[in-house]
Amino acid sequence: MSNKLILLAEDNIVNQKWPYDSCRSWVTRADAVANGREAVEALNRISYDLVLMDCQMPEMDGYEATAEIRRREGAIRHTPIIAMTAHALAGIGRSR
C-alpha cells in the first residue's frame, strides 16, 4: 500500500500528529479537519483512500459524520473509515 490519500478528522491538534507519523511510509498526503461536518465536506470534494475519524468532535461527531458519509456514498462507493478515540475505557489495563 503506497501513494495513499487519507483524511484525519480530529479536533485536537496534538492528536492530529501521531496518526500521520504512524502512516508516513504509505501515505502520500494527509489532510486534517477539526470536526465531522468538515470531514463530510472534504469527502464531497476529494476522493480519499481512508478516513481516520475521531468519535467525539464538536459540531458533528464521528458517528454522525460516518452515517452522513455512508448516506451520500450510497451503493456506489464505500470509503474505509476507522473510528478513533482518545478516551480509554474505565478498568482497562488496571491490575486488580
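Treat the numbers as computed from the prediction; the structure is a model and nothing was measured. (Residues numbered from 1 in each chain as written. Predicted model: local features only at pLDDT ≥ 70, side-chain atom pairs only at ≥ 80, totals over all residues. Heavy atoms only, no water.)

Caption draft 1: Layout of the pattern of salt bridges. Enumeration according to the criterion identifies four salt bridges in this entry. Among the salt bridges present, the one from Arg-37 reaches Glu-59, with a minimum N-O distance of 3.8 Å. Of the two residues, Arg-37 sits in helix 2 (residues 36-45) while Glu-59 sits in the loop between strand 3 (50-54) and helix 3 (62-73), which places them 22 residues apart along the sequence. Among the residues examined, Arg-37 registers a relative accessible area of 36% and is labelled partly exposed. Two residues, Glu-68 and Arg-71, come together in a salt bridge whose shortest N-O distance is 2.6 Å. Taken together, the positions of Glu-68 and Arg-71, both in helix 3 and three residues apart, correspond to about one turn of that helix. A residue is classified by how much of its surface remains accessible, and Glu-68, at 17% relative accessible area, is buried. Each member of the salt-bridge network shares a partner with another, and the members are Glu-68, Arg-71 and Arg-72. (Salt bridge = Lys/Arg side-chain N within 4 Å of Asp/Glu carboxyl O. Helix = DSSP H or I, 4+ residues; strand = E, 2+ residues; numbered from the N terminus. Buried < 20%, exposed > 50% of the residue type's maximum accessible area, 1.4 Å probe, protein only.)

Caption draft 2: The arrangement of the nonpolar core in detail. Among the nonpolar cores identified, the biggest contains 15 residues, and Leu-7, Ala-9, Val-33, Ala-39, Leu-43, Tyr-48 and Met-53 are the most heavily contacted of them. Every element with two or more residues in this core is listed here: strand 1 (4-9), helix 2, strand 3 and helix 3. Examining the composition of this core, we find that four residues originate from one element, helix 2, more than from any other. Leu-7 has contacts with Asp-31, Val-33, Ala-39, Ala-42, Leu-43, Tyr-48, Leu-50, Val-51 and Leu-52, leaving out every residue within four places of it along the chain. Membership of the second largest hydrophobic core comes to five residues, among which are Ile-6, Leu-8, Leu-50 and Leu-52. (Core = buried A, V, L, I, M, F, W, Y, C linked by side-chain atoms within 4.5 Å. Contact = heavy atoms within 4.5 Å.)

Caption draft 3: Quick peek at unusual backbone geometry. Of note, the phi angle at Glu-59 is positive, near 70 degrees, even though the residue is not glycine. By relative accessible area, Glu-59 is classed as exposed at 59%.

Remember that the coordinates give geometry; whether it matters functionally is a separate question.
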